[in-house]
Structure formats: structure tokens, C-alpha cells
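Read off the chains here:
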Amino acid sequence: MISKIIEEAKVQQAKKLIEKSQKIIIVSHMSPDGDAVGSSLAMYHFLLELEKDVQVILPDAFPDFLNWLNASGDILLYDRYPQYAEEAFDAADLILCMDFNSHHRVGENLKQLLEKSSAKKILIDHHLDPDETFDVSISYPSMCATAEVAFRLICRMGYFEEINRNCAEAIYTAMMTDTGRFSYNSDSPEIYYIIAELIKKGVNKDEIHRRVYQNESLDRMRLRGYIIYEKMKVIPTLQCAIITLTEDEMLHFNCQKGDTEGLVNIPLDIKNVNCSVLFKEDRQAGKIKISFRSIGSIAVNELSNKYFNGGGHKNAAGGSWYASMEEAVELFKKVLPDYM
Ligand code: 5GP
Ligand code: MN
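What counts and how
- Residues numbered from 1 in each chain as written.
- Chains lettered and ligands numbered in written order.
- Predicted model: local features only at pLDDT ≥ 70, side-chain atom pairs only at ≥ 80, totals over all residues.
- Heavy atoms only, no water.
- Donors = N, O, S within 2.8 Å, 3.2 Å for Na, K, Ca; no water.
- Helix = DSSP H or I, 4+ residues; strand = E, 2+ residues; numbered from the N terminus.
- Buried < 20%, exposed > 50% of the residue type's maximum accessible area, 1.4 Å probe, protein only.
- Core = buried A, V, L, I, M, F, W, Y, C linked by side-chain atoms within 4.5 Å.
- Contact = heavy atoms within 4.5 Å.
- Salt bridge = Lys/Arg side-chain N within 4 Å of Asp/Glu carboxyl O.

**Q** Help me out: how do you make sense of the coordination of the manganese ion (ligand 2) in this one?
**A** Under perfect tetrahedral coordination by four donors, a metal shows angles of 109.5 degrees; under perfect octahedral coordination by six donors, it shows angles of 90 or 180 degrees. The coordination sphere of the manganese ion (ligand 2) contains the protein donors D35 (OD), D99 (OD), H126 (NE2) and D178 (OD), at a distance range of 2.2 to 2.4 Å. Sequence spacing of the donor residues for the manganese ion (ligand 2), all on one chain, is D-x63-D-x26-H-x51-D. Taken together, the positions of D35 in helix 2 (residues 34–49) and D178 in helix 6 (residues 165–178) put the pair 143 residues apart, joining distant regions of the chain. Residue D35 shares its accessibility class with D178, and that shared class is buried.

**Q** Help me out: how do you make sense of the nonpolar core in this one?
**A** Inside soluble globular proteins, nonpolar side chains tend to come together where they are buried. Core analysis: the largest hydrophobic core is formed by 64 residues, its most contacted members being I122 and M175. For M175, the contacting residues outside a window of four places in its chain are C144, A145, A147, E148, F182, I191, I194, I195 and L198. With 24 residues, the next largest nonpolar core counts C240, I290, V329 and Y339 among its residues.

**Q** Would you mind showing me how to read the pattern of salt bridges here?
**A** Opposite charge on two side chains lets them pair, provided their charged atoms get close. All told, the structure shown has 18 salt bridges when counted by the stated rule. Across the salt bridge formed by R224 and E216, the nearest N and O atoms sit 2.9 Å from each other. The class of R224 is partly exposed, set by a relative accessible area of 27%. For R283, the salt bridge is made with D248, and the minimal N-O distance between the two is 3.0 Å. With R283 in the loop between strand 9 (275–282) and strand 10 (287–294) and D248 in helix 10 (residues 247–252), the pair connects residues that are 35 residues apart, well separated along the chain.

Purely spatial values, then, with no claim about function.
Here it is, written out as C-alpha cells:
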């Protein structure tokens, strides 16, 4: 048995809302990652079992390495089909908000739809400091992935039997990707109890590992080589590594959506590197998108929140910078010692 972490009152509130709703929308954050897509599809497959009319809506495209997930092709991308998304919002009586803690994380357009909708909203998440705008907030930062929260919620609502193989695969994929293949945030023994249950549901974990990680394009592998050889700057006194990536460089390697995901983790494999940052140019958005990773006590979410308009988890955070790459790098080098 796993312990009861989600408060009983919240379980009952969520159950009541789900049972009485017929048209349900599931939304997640911009640049959806494995947990955003996995936790959303997990709830999608679960709600289909309950014979609900359900639609997953994501702000923009998700990486290719997730497109084998069952029903990933049924996900509605707002940036391609805004009209359909708006119609779905108009009709919805319940919205599940997966893997984000604040409305702005879904992007300006979806945020407006979310805020003007009269549907009830349930937050299912594991980020710190959620907004207080949800009707039911099921947010547990101690959990390794939003999909873990989703699994626990489904079980606590009494629907373990309704977790089918498609749902289980989506949950497993989300937990695997959000913990870097169970290499961080994954010390809780109960995670492995959950995995055992998912495998009993038909998940082939070796196959999923292959599909997600041994699925790299030649361009992307060469991009990794380029970054390691040419772009990664290690600063031994700060025990950190910094990578900068311009749009021209991404173009040169024919970068597709999601191709830069995980690059920031590479330097952490170096002995005595405890912090890694990737600064990535985004000309269209007029900003530098930043990914932070750390090992141990360095709270990169606090650093990002204070200096780079961002946040996230203690050891994995993101942010944005609205001036030059050089200034961002300089500021980072200056403030990092305060967090070491
Ligand atoms: P990534 O580096 O993979 O984009 O993001 C790492 C973590 O930081 C994710 O859990 C993500 O939710 C969070 N994160 C990324 N960008 C932002 C941001 O701009 N604001 C906040 N609050 N969190 C972010
Ligand atoms: Mn997550």
C-alpha cells in the first residue's frame, strides 16, 4: 500500500466535480515536456474510461519523442487551431490544469481563455507556490512528477481499475522523463511501488526507455557534440558550466522542437560540476530562454525567480531574460556564488 498523501477533502471535491462533469478539458504548459504531455494523456485515458467527453489542449507543439503515446495525435495545439480550442473552452464544464502552478505558464492566449471560462478548475501539479485561483488545488511538490499526483488521485478516488495500459504508459513516461530516468527527485520508495503497479498494467518500461531516449536524430546527436566541444564553458571556481545557443546555431543543426531538451543536463556528468545553465536565443519572443540545473543545495529556482523572471524546482528551473545573452551570462556568474 502507498501512503495517503493527498488530503481526503480534496480527493472528494475532485471526484465530485469529475463525476458530475461531462465535457472536460485538460490543459498544460507551454513547450510541453514529458510530464505535461504524459500527465495530460493519463487523465485523458482515465476520463475516457469514465465515458467523458474529453479534449487535451496544449499551447504549442510537444517533442517528437512523445508522439508514440497513445492518443497524442488527438491533442489539440492552440497555436495551430485556436478556433477549435476556443469552442472547446466554451463548451467545457470542467478544466484539469496539469503540471503548472500559475496561469501565465500556459501562454497569453490560453491564459485568457482559462480566466474567462466559467468551468470549474482543478489543479493537479507538483510545482511550488501554486496560484490560489483554482477551485480545487491538488499540488504536491514532494512528488516526482505531476503524473505521480495523477496516479495517486485516480487511485484515491477509487478508480484504480480504470487505469488502462494507455494511461499507465503515459504515467510511466512522465515519471521517467521528469526524474531524468529516475536519476534525481526519485528517492521515494513509493515511486517504485507505483512503477510496479504500472508494469502490472502492461507497461513495458524497457521499450518506453528505447522509444524516448534511443530515438535521437543524427542532427541532434551532432548538436550535442558541437555543444560539448565548442560551446560548453566550465568555470571550476564556480563549479558550474554555461552553454549558450543562438538561433543561427540551432538552424545549422536543423533543430526541431524539443531538440534542445536535456542538453542542459550534459555538463552535470562532469566531476565537480554542480550547476549547469543553458541560455537559448528566441528571437521571435525577443528573449533568452534559460534552463537551470543543479545538484545538491544550490536552489536554482530561487536564483531564477530573483534574477531571471522564472522559477521551477530547487534543482531544475527555467527563466527568461529580455536583454543580451552576454548580460544574462554575466549576471548569472555574478549571482551564482550567493546560492552556493
Ligand atoms: P526547463 O529547463 O526544462 O524548461 O524547465 C525546468 C523546470 O522549470 C520545469 O519544471 C518548469 O516547469 C520550470 N520552468 C521553466 N521555465 C519556467 C518559467 O519561466 N517560470 C517558472 N516559474 N518555471 C519555469
Ligand atoms: Mn513536471
